[in-house]
Amino acid sequence: MSVTREQVAKIASLARINLDEGDLDHMVPEFNNILAWVEQLGEVDTSSVEPMTAVIPQKLRLRDDVVDADPLTGGGKRDAILANAPVAEHGFFGVPKVIE
Amino acid sequence: MTDFTQLGIKAIRDGVANGDFTAVEVAEAFNAAVADAAELNAFIVTTPDYALEAAKKVDADRAAGKQLGSMAGVPIGMKDLFATRGVQTSAASHILEGFKPEYESTVSQKLWDAGAGMLGKLNLDQFAMGSSNETSYFGNVANPWKARGSNATLAPGGSSGGSSAAVAARIAPAATGTDTGGSIRQPAAFTGITGIKPTYGRCSRWGIVAFASSLDQAGPMARSVEDCAIMLEAMSGFDPKDSTSLDMDVPAWAASLDANLKGKTVGIPKEYRMDGTDEEILKSWDDGIAWLKDAGADVVEVSLPHTKYALPAYYIVAPAEASSNLARYDGVRYGLRDLPDGAGLQDMYAATRAAGFGDEVKRRILIGTYVLSAGFYDAYYTQAMKVRTLIQKDFEAAFEQCDVILAPTTPTAAFALGENVDDPLAMYLNDVFAVPASLAGLPAMSVPAGLNKDGLPLGLQLIGPAFDEQAVLNAGLAIEQRAGFTAKPEKWW
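Residues numbered from 1 in each chain as written. Chains lettered and ligands numbered in written order. Predicted model: local features only at pLDDT ≥ 70, side-chain atom pairs only at ≥ 80, totals over all residues.

Draft legend 1. Inspection of the overall build of chain B at higher detail. For chain B, the count of helices and strands is 15 helices and 11 strands. In terms of C-alpha radius of gyration, chain B reaches 21 Å, essentially the compact-globule figure of 23 Å for 493 residues. The principal-axis extent of the C-alpha atoms belonging to chain B is close to 65 × 55 × 50 Å. Looking at chain B as a whole, 63% of its 493 residues qualify as buried. Pairs at least 24 apart in sequence give 77% of the contacts found in chain B among residues at least 6 apart. (Helix = DSSP H or I, 4+ residues; strand = E, 2+ residues; numbered from the N terminus. Rg over C-alpha atoms; globule rule 2.2 N^0.38 Å. Buried ≥ 20, exposed ≤ 12 C-beta atoms within 10 Å, placed from the backbone. Contact = placed C-beta atoms within 7 Å.)

This is how it looks when you write it as structure tokens:
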């Protein structure tokens, strides 16, 4: 299977990455080379194989149902969370206007 | 006077504990070595004050008769993928340039708690995506080794290329690395040092910038097997903040080191004898077999039939996870924001990500987005995860016949910077021997085996069953004792 220039542009738009015409010039053949190479996986008979879900079998744990069980990941961290925001206003993340 | 920069973890820790020298003297020596090695570009940020402060605390604790930690007085380099409070954590990307975490990763905190200090944040491939450290936004790292009779600058491997270069150049006695598909082992092999990736889940992923979460594992890079064992113990342990952290005690790997392999069986995977592998790599593999026999081990051939499919499966699984993990970089919560005039929110996302990610990162996000998209998911992603199951089953079957597997770490010695940069597939093939163990979540280590005819180091890889880091370390020690690898890069920086 190979992808067209339009398909790569569509994927880039889904991934929210602007690509200009020059980017597409080199990305399309690289993309197709990689896809052609990974397609050898189709040779493998996997009809009776389950896809891996966890590399080391584990049960997902539930944390204790208490507030701030771990202070590092608990609440009350507004200022720390906003500290690296490109734009923070009035205790919130600032973004361009979304609704007219 | 002792040249402290020639000492490893154990020698520094024991020397400080015995009062032979102070932690401050050691920190000052390494700070000076780091400052003198700017040409290697191993560090993105240096933190001499942090190293000094940690050393002063160790010296004060010793004077006060307090118990010292297992890494007390050892200044280390921290791969710039670990969140360090108040110190830029960039993942070698433009999009995270200037990001100063408000918190500390679990692994780095454990190392500081054990008495280590931080020399600085080490360069790497951007978001740990690469095998030569050429995708960093902050420039290439130079391998301290050069081929005999050549002045070409060689790649230090990747993605932990700053880590490998720093340890090989003796500007850090040890460094942290992370390994998603070989990123500890391949750079260790390229620079003549030792590095181990433990079983998936041993080291907490909390506070490590995520690349492919089902594969990412932290591990130590140092100059001896024993130093790796000491540092891995300090880094490992259950962490409730990581949902895939192993809830198991950390074994006393260093105290249990034993190079006597009598009664142990070493497996040699026949599928790793691939066409195109360097003759000298194959010879070093034969040397490794002879050394392990000499240590008392029996050697058997084993089969890992799906080996050739590991790399293509990896280049579906890892980009798929990356495309999801890297969706968080959107110019809203941290890092770069690119807001063109009059742009709306969606335009801001796309402009920010175009400006903030390098080409290799974009390539992997796009591949990942494609293989996860409706209509292609089963053909690519599900098939890759089925192949991953088969690769794991191959290892399970092999470990019914042997205790540890010996293989080369890489198909070639270090190559020159720029050599593979225009051919992503050729670059990916570097990790052909490293990726299978990553897909199966197994502990694996690279130890130096010797020098090739150009005077460049070659590494041997040991792979163990899940949770059996000890088997890997013991076989690694047996090789280390027999390889007698004492070569060092000549200082040119």
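Draft legend 2. Region of the structure containing the interface of chain A and chain B. Each partner contributes to the interface: chain A provides 43 residues, whereas chain B provides 57 residues. Among the elements of the structure, helix 1 (5-14) and helix 2 (21-38) of chain A are those that each provide at least two residues to the side of chain A that touches chain B. The dominant element in the side of chain A that touches chain B, judged by the number of residues it contributes, is helix 2 of chain A, at seven residues. Looking at the side of chain A that touches chain B, its residues break down into 29 nonpolar, eight polar and six charged. (Nonpolar A, V, L, I, M, F, W, Y, C, P; charged D, E, K, R; others polar.)

Draft legend 3. Up close: the pairing of strand 7 (residues 265-269) of chain B. Residue and element names in this part refer to chain B. Here strand 7 pairs with strand 8 (residues 298-302) via five bridges, running parallel. The residue bridging threonine 265 from the neighbouring strand is aspartate 298, located in strand 8. Traced from strand 7 through helix 8 (residues 279-294) to strand 8, the parallel crossover comes out right-handed. Two strands pair when backbone bridges link them, and strand 7 and strand 9 (residues 404-408) are joined in this way by two bridges, in the parallel orientation. If you follow valine 266 over to strand 9, its bridge partner there is valine 404. (Pairing = 2+ DSSP bridges. Right-handed = clockwise from strand over helix to strand, strands pointing away.)

Draft legend 4. Layout of the environment of Gly69(B). Residues and elements named next belong to chain B. Mapped onto the secondary structure, glycine 69 falls in the loop between helix 3 (48-63) and strand 2 (75-79). Judged by C-beta crowding, with 19 C-beta atoms within 10 Å, glycine 69 ranks as partly exposed. Measuring from C-alpha to C-alpha, the distance between glycine 69 and alanine 114 comes to 4.3 Å, with 45 residues separating the pair along the chain. When residues no more than four places from it in sequence are discounted, the contact partners of glycine 69 are Asp113, Ala114 and Gly115.

Draft legend 5. Structural context of helix 8 of chain B. Residue and element names in this part refer to chain B. The end-to-end C-alpha distance of helix 8 is 23 Å, a good match for the 22 Å that 16 residues give at a rise of 1.5 Å each. Listed as buried for helix 8 are Ile281, Ser284, Trp285, Gly288, Trp291 and Leu292. Down the axis of helix 8, the sector holding all buried residues measures 120 degrees, keeping them to one side. Structural note: helix 8 exposes Glu279, Asp286, Ala290 and Asp294 on the side pointing more than 90 degrees away from its buried face. Of the surrounding elements, those touching the buried residues of helix 8 are strand 7, strand 8, strand 9, strand 10 (444-451), strand 11 (457-463) and helix 15 (469-483). Glycine 296 sits one or two residues past helix 8 and shows a positive phi near 105 degrees. (Expected span 1.5 Å × (residues − 1). Arc of directions from axis to C-beta.)

Draft legend 6. Unusual backbone geometry, seen in detail. Ser159(B) follows Gly158(B) through a cis peptide bond whose omega is 10 degrees. Note on placement: Ser159(B) falls in the loop between strand 3 (117-122) and helix 5 (161-168). Even without being a glycine, Arg16(A) presents a positive backbone phi close to 55 degrees. Of note, Arg16(A) is situated in the loop between helix 1 and helix 2.

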